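# Survey of secondary and tertiary structure
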Amino acid sequence: MDTVATMVNLTECTKGCRATVVKLNARGALKQRLVSFGVMKGAKLTLLGYAPAKKTVEIKVGRMRLALRKEEAEMIEVQPDA
Amino acid sequence: MPDNAPVCPVTEKHIRIALVGQPNVGKSMLINSISDARLHVGNFSGVTVEKSEVFFDYKEYHFTVVDLPGTYAFTDYSIEERVTHDFLCNEDYDLIVNVVDSTNLEKNLQLTAELMTMSKKMVLALNMTDEAQKEGIEIDAAYLSQLLGFPAVKVSAAAKTGIEALIETIIEVHEAPRQEAKLIFSEAVEEEVDAIARYLDTHHFKAAISNRNIAINLLQNEKKTYRTLHDLPLWTELQPMLIEADRHIRTHHDTDDIKEVFAEEYAAFVRGVVAETVRVNNPKAQKKSLTDRIDDVLIHPVLGIPIFLLLMWGLFQLTFEVGNIPMEWIDGFFGWLGDVVGNTISNDEIRSLVVDGIISGVGAVVLFTPNIIILFIGIALLESTGYMSRVAFLLDGIFHKFGLHGQSFIPLVTGFGCSIPAYMSARILKNDRDRLLTLFIIGFMSCGARLPVYVLFTGAFFSQSVAGNVLFAIYITGALLGLIAAKVLKLTAFKGVDEPFVMEMPKYRLPSLKLIWHTVLTKTLMYLKKAGTFIAGASMLVWFLSTYPHSDAIEQNYTVQMEKTSEAAGREQLAVERDAAQLEQSFLGRIGKAIEPAFEPIGLNWKLAVALQAGLAAKEVVVSTLGVLYAVGEGASETDKSLVNAIREHIPFASAVSFIVVIMIYLPCLAASVVFTREAGGIKYFIYLFLFTTVTAYALAFIAYRLTLLVTGAPAVLPT
Ligand SMILES: Nc1nc2c(ncn2[C@@H]2O[C@H](COP(=O)(O)OP(=O)(O)OP(=O)(O)O)[C@@H](O)[C@H]2O)c(=O)[nH]1
Ligand SMILES: [Mg+2]
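Okay, so let's go over this structure. What you are looking at is a predicted structure, and each value in this text was computed from that prediction instead of being measured. Per chain, residues are indexed from 1 in the order of the written sequence. Chains carry letters from A onward and ligands carry numbers from 1 onward, assigned in written order. Per-residue local features are limited, in this predicted model, to residues with pLDDT of at least 70; the limit for side-chain atom pairs, both in listing and counting, is 80 or more; totals at the level of whole chains, interfaces and linings are taken over all residues. The side-chain figures draw on all heavy atoms in the structure; neither hydrogens nor water molecules are used.

## Brief notes about the overall build of chain B
Strands are runs of DSSP state E lasting at least two residues, helices are runs of H or I lasting at least four, and both sets are numbered from the N terminus onward. Broken down by element type, chain B carries 32 helices and 9 strands. Its C-alpha atoms put chain B at 110 × 60 × 55 Å along the principal axes. Whether two residues touch is decided by their heavy atoms; if any such pair falls within 4.5 Å, the residues are in contact. Taking as baseline every contact in chain B between residues at least 6 positions apart, the subset at least 24 positions apart corresponds to 75%. As displayed, chain B has an accessible area near 31300 Å², and 63% of this comes from carbon and sulfur atoms. Counted as positive: Lys and Arg. Counted as negative: Asp and Glu, with His and the chain ends omitted from the count. Every charge is mapped to an atom, namely NZ of Lys, CZ of Arg, CG of Asp or CD of Glu. Taking the 59 positively charged and 79 negatively charged side chains of chain B as two groups, their mean positions are separated by 2 Å. Note on areas: these come from Shrake-Rupley sampling with a 1.4 Å probe, and a residue is covered only by the protein chains present in the view.

Printed below as a string of structure tokens:
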């Protein structure tokens, strides 16, 4: 099956979705932090779930679980896997 | 060769080790299992926020291990990261032991790669080998050592395996000449590194380590290297080279940020190393892990918060129900002790000092040890299972609304134990404004030392069956008041942009009984030690101030009256009045009477006012002071000596409510205030804290007092 290359930000993914990071729109300290957690171009993420009211999201990068606020998650552009 | 020269002239047979690694990889626990240290261990990022040194001997070597706060990357954004960064850059040490989590090598080695550019002797400790084995992760340590250029040793701090091999390796590395670590970059970066290194070589620049290392650091914009080279004649030629190299590398990586370039370079290097050395053969890999399954429940979007509240409620219920069982025995013991000791002392004044002063005061504090222990167990479980980070995740949404950062939850929870470590742990907050705001709010989380006051008063006014709920309500109200205070402060004093929330969620770990036991035991012993020393001293002081001066006029006056009274009941009544009159004209009574007018509007008499003031020294002193004041005031005439009964008899309910409100809010104890002032960065902040807490406490106590009077319809009478 062909997959269309659609780029979305992380918060547009649903629970359990897997995706590859295409672009990080963060800067400075935040970018460094994300990169040191392994969230960088080409990294594979799994969206584990949302906190109440979708304010915070939990993702899995490699073998690590990471909690991000919605605002930060929106800066991560991903391409959902087929 | 300069390579062989020791970096610093350390006396032989001393080895000073810097323990470095990402947060929550088990650095502190590793030290605990190597030596007999008792460093704080917990299952979340940011347990250690300050460096601490541990000493131990092995064979003929004296070891000093410096435990440093965990750091994800070699940066200096937050205070704890700065501690590590500054230590590694500016202080003397012989080698770095880089602790990594074997179950997450790819992320951990990222920091390792950065450390490799420091050109220090290094040993890699592959910790959590036990977990890796369970998860089917196999690491070829020998090959890994070969690829990195320094030894890697498999250890487990929890199972205490590989510890000796690690120490032996450290000694070997220490004794051998330093080897260049084998960090390899992409072609573009290697090209530039080579060019610069060659340029330095041809100009006979003698680096302490190697010219390749200097080149890497120059390309990374490392400040110290820049400064050293900046004043040399070759800089004029080197600088344009660097600018060109920088441009070349950045175009290659398609970014304008050289930091990002190197992050990507390190990541690529690490990926290569991991691919070569790590095998995962886990048949269950596709299935949900235990952590995933627990998380499905505990951080459920709807049920998560109610479950958390339920757990907290259960904890306070236990604190009251179970904690109160041994209380009767302890109370009985101190009553008995007072009688026995009292009977052996013939001198009235010394007997009063020992029985009414020391035993009443210390007894009142020791009485609450069981409650405190249960609270400590609760906090230890929260810290060591991994639930802490989950709650921070759940509450971030709410916290954010009130202007707090989700990670503030960690210092705030620590505050339920004691404010001092809580103030310190606020260092994990990256943003100074968030940190200050959190510092101001920590006091609203009632510390363990305030628990005795609450237990005493709820026990006095509520039946066994609801007292636990009341206790829970007090804590929750305190926390909610803290949130509101945060909002107010955020809107007024700490305006500003919100800091991002990015937090690692550790996997759940079953804490060993030993770990919990050690944590709780250490804290409990501290509490008891304080009772035996500081509280005993304070009780003696309070006894002295409330016993002297002794008025002979009052004594005579009452003796005459008592002789005229025939029936026993009347004489006893007179004795009580006499003791009260004596107490009122004592030093403490006079001070208390002088400040009483200020406390009258909130329904407190001078005894309660004095107890509150004494609580500024330490919160435990509140109950010990009440213990002494009510023991001295009662004299020998009272039959039931328990403090709970005295409170119930002498203090109206509304006054008790007002008292509790003040306790919940007012200034933390002296030691905590000192730490607050240091962490906040100046006496100015202490003055703000003093004004803020005093005004809030007074205003809310006034409202609570009036409301309670209104609701209960009781008249406004002061306690006696
Ligand atoms: N299974 C297992 N757990 C371990 C091991 N070492 C540490 N832990 C657990 O890992 C968690 C973190 O341990 P700490 O020693 O506090 O980690 P740290 O590296 O000092 O963390 P920070 O001070 O936050 O940087 C605790 O829950 C430990 O019980 C190990 O070898 N095996
Ligand atoms: Mg630690």
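Text resumes after the structure shown.
## Considerations on the site of ligand 1
All names here are of chain B. When at least one non-hydrogen atom of a residue lies within 4 Å of a molecule or strand, that residue is treated as near it. With respect to spatial proximity, 24 residues lie near ligand 1, and among them Lys27, Ser28, Met29, Thr48 and Ala157 are the closest. Any N or O atom pair separated by 3.5 Å or less is treated as a polar contact, with the protein-specific requirement of one donor-capable and one acceptor-capable atom, and with residues adjacent in sequence counted only for side-chain atom pairs. One of the backbone N or O atoms of Gly42 is found 3.1 Å from an oxygen atom in ligand 1. Ala158 has a polar backbone atom sitting 3.1 Å from an oxygen atom of ligand 1. Here ligand 1 loses 95% of its free accessible area of 660 Å² to cover by the protein chains. At the level of elements, α1 (27-34) and α4 (129-134) are the ones that each hand at least two residues to the shell around ligand 1.

## Here we look at the packing of helix α10 (residues 235-253) of chain B against helix α11 (residues 258-277) of chain B
Residues and elements named next belong to chain B. Interaxial angles span 0 to 180 degrees and are taken between N-to-C directions of axes, which are lines fitted to C-alpha atoms, for helices over the stretch in contact. Close contact between α10 and α11 brings their axes to 10 Å; oriented N to C, the two are set at 65°. Seen from above, α10 lies across α11 with left-handed handedness. Residues Asp246, Ile249, Arg250 and His253 of α10 lie in contact with α11, whose contacting residues are Ile258, Val261, Glu264 and Glu265. Throughout this entry, Asp, Glu, Lys and Arg are counted as charged residues, while Ala, Val, Leu, Ile, Met, Phe, Trp, Tyr, Cys and Pro are counted as nonpolar. The remaining residues, Gly among them, count as polar. Looking at side-chain class alone, the contact of α10 with α11 contains 3 nonpolar, 1 polar and 4 charged residues. For a crossing to be left-handed, the near helix must be turned anticlockwise from the far one by less than a right angle; the clockwise case is right-handed.

## Side note on the coordination of the magnesium ion (ligand 2)
Residues and elements named next belong to chain B. Only N, O and S atoms count as donors, using a 2.8 Å limit from the metal and a wider 3.2 Å limit for Na, K and Ca, and since water is excluded some coordination spheres may look unfilled. Taken together, Ser28 (OG) and Thr48 (OG1) make up the full set of protein donors to the magnesium ion (ligand 2), lying 1.9 to 2.0 Å away. Placement of Ser28 in helix α1 and of Thr48 in the loop between α1 and β2 (52-58) is noted, with a sequence separation of 20 residues between them. Exposure class is identical for Ser28 and Thr48. Each is buried. Categorising residues by exposure relies on relative accessible area from a 1.4 Å probe, with only protein chains included: less than 20% of the type maximum marks a residue as buried, more than 50% marks it as exposed, and the intermediate range marks it as partly exposed.

## Quick notes on unusual backbone geometry
All names here are of chain B. A cis amide bond, omega -10°, links Tyr548 with the succeeding residue Pro549. Among the secondary structure elements, Pro549 is positioned in the loop between α23 (513-547) and α24 (552-564). Its identity is not glycine, yet Lys59 carries a phi of approximately 50°, on the positive side. Tracing the sequence through the fold places Lys59 in the loop between β2 and β3 (61-67). Here Lys59 falls in the exposed class, since its relative accessible area comes to 58%.

## Some remarks on the environment of Leu47 of chain A
Residue and element names in this part refer to chain A. Tracing the backbone through its elements, the reader meets Leu47 in strand β3 (residues 44-50). In the structure, Leu47 is positioned 29 residues away from Ile76 in sequence and 12 Å away in space, judged by C-alpha atoms. Contacts of Leu47, omitting those with residues within four sequence positions, involve Leu10, Cys13, Thr14, Lys15, Gly16, Cys17, Val57, Glu58 and Ile59.

## Considering the pairing of strand β6 (residues 76-80) of chain A
Residue and element names in this part refer to chain A. Both strand β1 (residues 8-9) and β6 contribute to a ladder of 2 bridges, which runs antiparallel. Within the sheet, the bridge partner assigned to Asn9 lies in β6 and is Glu77. Any two strands between which DSSP finds at least two bridges are classified as paired. With 5 bridges joining them, strand β2 (residues 18-24) and β6 adopt antiparallel strand pairing. Residue pairing across strands places Val21 opposite Val78, the latter belonging to β6.

## Re the sheet that holds strand β7 (residues 152-154) of chain B
Residue and element names in this part refer to chain B. Reading across the sheet, the 6 strands line up as β2-β3-β1-β4-β5-β7 and stay open at both edges, with mixed pairing between neighbours. Edge positions in the sheet fall to β2 and β7, since each has one partner strand and no second. Ignoring strand direction, the axes of neighbouring strands in this sheet form an average angle of 25°. Running at roughly 140° to strand β1 (residues 14-21), helix α2 (residues 79-90) makes contact with β1, β3 and β4 (95-101) of the sheet.

## Digging into empty space enclosed by the protein
Cavity and pocket criteria rest on a 1 Å grid covering protein atoms alone: a 1.4 Å probe that fits but cannot get out defines a cavity, protein on both sides within 12 Å along at least 5 of 7 lines defines an open pocket, and an atom within 4 Å of a point defines a lining residue. Grid points are joined across faces, edges and corners, and a volume is the space filled by probe spheres set on the points. Going through the model one piece at a time under the given rule, you end up with 7 cavities of 30 Å³ or more. Taken together, 16 residues line the largest cavity, and the ones lying closest to its centre are Arg33 of chain A together with Ser45, Tyr72, Glu80 and Lys430 of chain B. Of all elements in the fold, only α2 and β9 (502-505) of chain B reach the threshold of two or more residues within the lining of the largest cavity. Tallying contributions element by element places β9 of chain B first for the lining of the largest cavity, with 3 residues. Residues that form the lining of the largest cavity fall into these classes: 6 nonpolar, 5 polar and 5 charged. Three or more residues apiece are contributed to the lining of the largest cavity by two domains, here domain 1 (13-175) and domain 3 (309-360 + 366-515) of chain B. Size it by volume and the second largest cavity reaches roughly 70 Å³. Lining the second largest cavity, in full, are Ile17, Leu19, Leu30, Ile31, Ile34, Phe56, Phe63, Val65, Val97, Leu166, Ile167 and Ile170 of chain B. Here the limits of each domain have been adopted from an automatic or database domain assignment.

## Digging into the interface of chain B and chain A
If you look at the interface, chain B gives 47 residues, while chain A gives 32 residues. A quick way to say it: buried area is the sum, across both parts, of accessible area lost when two parts are put together, with a 1.4 Å probe. The largest contributions to the chain B side of the interface with chain A come from Tyr72, Phe393 and Val502 of chain B, which together make up 19% of the buried area. Should a side-chain nitrogen of Lys or Arg be within 4 Å of a carboxyl oxygen of Asp or Glu, the pair is scored as a salt bridge. Inspection of the region where chain B meets chain A yields 4 salt bridges. Of the charged contacts in the structure, one is a salt bridge between Arg65 of chain A and Asp292 of chain B, with a shortest N-O distance of 2.8 Å. Joining chain B to chain A, the criterion identifies 10 residue pairs in polar contact (both at pLDDT 80 or more).

## Digging into the packing of helix α21 (residues 451-461) of chain B against helix α29 (residues 643-650) of chain B
All names here are of chain B. Packing of α21 against α29 brings their axes to within 9 Å, and their N-to-C directions diverge by 65°. As for how α21 packs across α29, the hand of that crossing is right-handed. Across the interface between the two elements, Leu456, Phe457, Gly459, Ala460 and Phe461 from α21 touch Leu643, Val644, Ile647 and Arg648 from α29. Residue composition of the contact of α21 with α29, by class: 7 nonpolar, 1 polar and 1 charged.

## A few points about the pattern of salt bridges
Taken as a whole and judged by the stated rule, the model has 27 salt bridges over all chains. Through salt bridges with shared partners, one network takes in Arg63 of chain A together with Glu131, Glu135, Lys507 and Arg509 of chain B.

Any functional reading would require information that these geometric values do not contain.
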